[in-house]
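Here is how the chains run, residue by residue.
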Amino acid sequence: MTVGDLGEFGVVNRITRRLPQSAAVMLGPGDDAAVVAAPDGRVVVSTDLLLENRHFRRDWSGGYDVGRKAAAQNLADVAAMGAAPTSIVVGLGIPADLPLEWLDALTDGLRDECATIGASVAGGDVTRCDLVVIGVTALGDLGGRAPVTRSGARPGQLVAVAGRLGYAAAGWALLEAGVPLDSAALQEAVAGHRRPCPPYAMGPQAAELGASAMLDVSDGLLQDLGHIAAASGVRVEVDPQAFAVGEPVAAAAKELAADPLEWVLTGGEDHALAAVFPAEAPLPSSWRVVGRVVEGDGVLVYGREIGQPGWDHFR
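Because the structure is a prediction, the values reported are computed rather than measured.

Cut-offs used in this document
Residues numbered from 1 in each chain as written. Predicted model: local features only at pLDDT ≥ 70, side-chain atom pairs only at ≥ 80, totals over all residues. Heavy atoms only, no water. Pairing = 2+ DSSP bridges. Helix = DSSP H or I, 4+ residues; strand = E, 2+ residues; numbered from the N terminus. Axes fitted to C-alpha atoms, helices over the stretch in contact; angles between N-to-C directions. Contact = heavy atoms within 4.5 Å. 1 Å grid on protein atoms, 1.4 Å probe; cavity = no way out; pocket = protein on both sides within 12 Å on 5 of 7 lines; lining within 4 Å. Points joined across faces, edges and corners; volume = space filled by probe spheres on them. Nonpolar A, V, L, I, M, F, W, Y, C, P; charged D, E, K, R; others polar. Salt bridge = Lys/Arg side-chain N within 4 Å of Asp/Glu carboxyl O. Buried < 20%, exposed > 50% of the residue type's maximum accessible area, 1.4 Å probe, protein only. Patch = residues over 30% accessible without salt bridge, like charges linked within 9 Å, V, L, I, M, F, W, Y side chains within 5 Å. Areas by Shrake-Rupley, 256 points an atom, 1.4 Å probe, with all protein chains shown as cover. Phe/Tyr/Trp six-rings, centres within 6.5 Å; stacked < 30°, edge-to-face > 60°. Lys NZ or Arg CZ within 6 Å of the ring centre and 35° of its normal. Parallel < 35°, antiparallel > 145°, perpendicular 65-115°, else oblique. Left-handed = near helix turned anticlockwise from the far one by under 90°.

Asks: Teacher, can you tell me more about the pairing of strand β9 (residues 235–238) here?
Replies: Here is the key point about a regular strand: its side chains alternate between the two faces of the sheet. Where β9 lies against strand β11 (residues 288–294), 4 bridges are found, and the strand directions are antiparallel. Of the residues in β11, the one forming a bridge with Val 238 is Gly 291.

Structure representation (structure tokens):
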């Protein structure tokens, strides 16, 4: 069966039946709007789009992976403000001939990614569209903390990263090249493209540790650090020797005769967190120091020439 066989309200009912609600959702799907608790008195809000054949391909990713990815990239934005994600609402455009199995998998992916951090899908909307279009708005709670913005970096501070880098870019390159995925390492790299693994808990942790600036790595580390540099009026200097290249990224680079560090520094969609800390901050092992903040502007990488520093949606 397809979504066209069910009709709009049948599709809505099918989706909502698969969506249990977290404690933060006081009123879930079924009314004109959801009601979500805001214990802090402030709500962190972020929104993003995923377009078929632009951000994902159905011949490369199943519905479940697309659902996990759609939720992850928005929940990571909330965590990057130092907040704990509480819920998402989803706008969904789908073709009438979309199989119900794919829709169910998408719904389950959205639900399960939210569940990893105690959040839930609080509501949304659905309409007919020629391609699959997913608009996600994520909500979060600061828990009494000040939001960690991009403009708080100061000379003398350290730049650190939590989470994986280079996996999504390596996986995309493997799929684009049509390489047989005949090893666990190559399969893991592709899984990194299909389903990112943001370190959600590290966002509030960074705020508690005194982070003065932070963002999630969605368009490439160097490009995103450039946003911090511009907003803060400083220069960020990055040491390429400070990065650990994951085995799946290294394996993909060997297969494609590529430079794995290029993926680490400029690849997007891993949704790791990059933050700036005081030099004396007691950083746990989950944070890797990769650079420093100095006077000046822009981003400087020691000993390497970098072309395009990351992803640009209009290039």
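Right, picking up where we left off after that structure.
Asks: Please clarify how the sheet that holds strand β8 (residues 213–216) should be interpreted in this entry.
Replies: Sheets are built from strands paired through backbone hydrogen bonds, the pairs being either parallel or antiparallel. The 6 strands lie next to each other as β8-β10-β7-β11-β9-β12, forming an open sheet whose pairing is mixed. Across the chains shown, the open sheet's two edge strands, defined by having one partner strand only, are β8 and β12 (298–301). Strand-to-strand twist of the sheet, defined as the mean angle between neighbouring strand axes without regard to direction, takes the value 25°. The strands that helix α8 (residues 221–232) touches are β7 (158–162), β8, β9, β10 (273–277) and β12; relative to β8, the one it contacts most, it runs at about 145°.

Asks: Can you walk me through the layout of surface pockets in this structure?
Replies: Rolled over the atoms, a probe with the dimensions of a water molecule shows which regions are left empty. Roughly 530 Å³ of internal volume is contained in the second largest pocket. What lines the second largest pocket is a set of 26 residues, among which Val 12, Thr 16, Gly 123, Gly 124 and Asp 125 lie closest to the centre. Going through the elements one at a time, α2 (8–16), β4 (84–94), α4 (100–115) and β5 (120–128) are the ones with two or more residues in the lining of the second largest pocket. Residue composition of the lining of the second largest pocket, grouped by class: 15 nonpolar, 7 polar and 4 charged.

Asks: What is the right way to look at the pattern of salt bridges in this model?
Replies: If the charged atoms of two oppositely charged side chains come close together, the side chains can form a pair. Here the structure, examined in full by the defined rule, presents 14 salt bridges. Across the pair Arg 18 and Asp 108 runs a salt bridge, and its minimum N-O distance is 2.9 Å. Pair noted here: Arg 18 is in the loop between α2 and β1 (25–27) and Asp 108 is in helix α4, with a separation of 90 residues, a long-range link. According to the relative accessible area criterion, Asp 108 is buried, its value standing at 13%. As a salt-bridge pair, Lys 69 and Glu 269 come within 3.2 Å of each other at their nearest N and O atoms. Separated by 200 residues along the polypeptide, Lys 69 in helix α3 (residues 63–79) and Glu 269 in the loop between α10 (260–266) and β10 bring together distant segments of the chain.

Asks: Quick question: what am I supposed to make of a nonpolar patch on the surface here?
Replies: On the surface, Met 26, Leu 27 and Val 35 cluster together to form a nonpolar patch covering roughly 270 Å² of accessible area. Here Val 35 lies in strand β2 (residues 35–36). The partly exposed category is assigned to Val 35, whose relative accessible area is 36%.

Asks: Before we go on, may I ask you to explain the packing of aromatic side chains in this structure?
Replies: The geometry of an aromatic ring pair is captured by two quantities: the separation of the ring centres and the angle between the planes. Per the counting criterion, the structure on display carries 1 aromatic pair. Positioned above the aromatic ring of Trp 102 is the side chain of Arg 58, whose terminal nitrogen or guanidinium carbon lies 5.8 Å from the ring centre. Over the face of the ring belonging to Tyr 167 we find Arg 164, whose NZ or CZ atom lies 4.1 Å from the ring centre.

Asks: Just checking my understanding: could you explain the packing of α2 against α4 for this structure?
Replies: Packed helices, taken two at a time, are described by the angle their axes make and the gap between the axes. Closest axis-to-axis distance for the α2/α4 pair is 10 Å, and the angle between their directions is 40°. The orientation of α2 with respect to α4, classified from their angle, is oblique. By crossing handedness, the relation of α2 to α4 is classed as right-handed. The residues of α4 that touch α2, namely those facing Val 11, Arg 14 and Ile 15, are Leu 100, Leu 103, Asp 104 and Thr 107. For the contact of α2 with α4, the residue count by class is 4 nonpolar, 1 polar and 2 charged.

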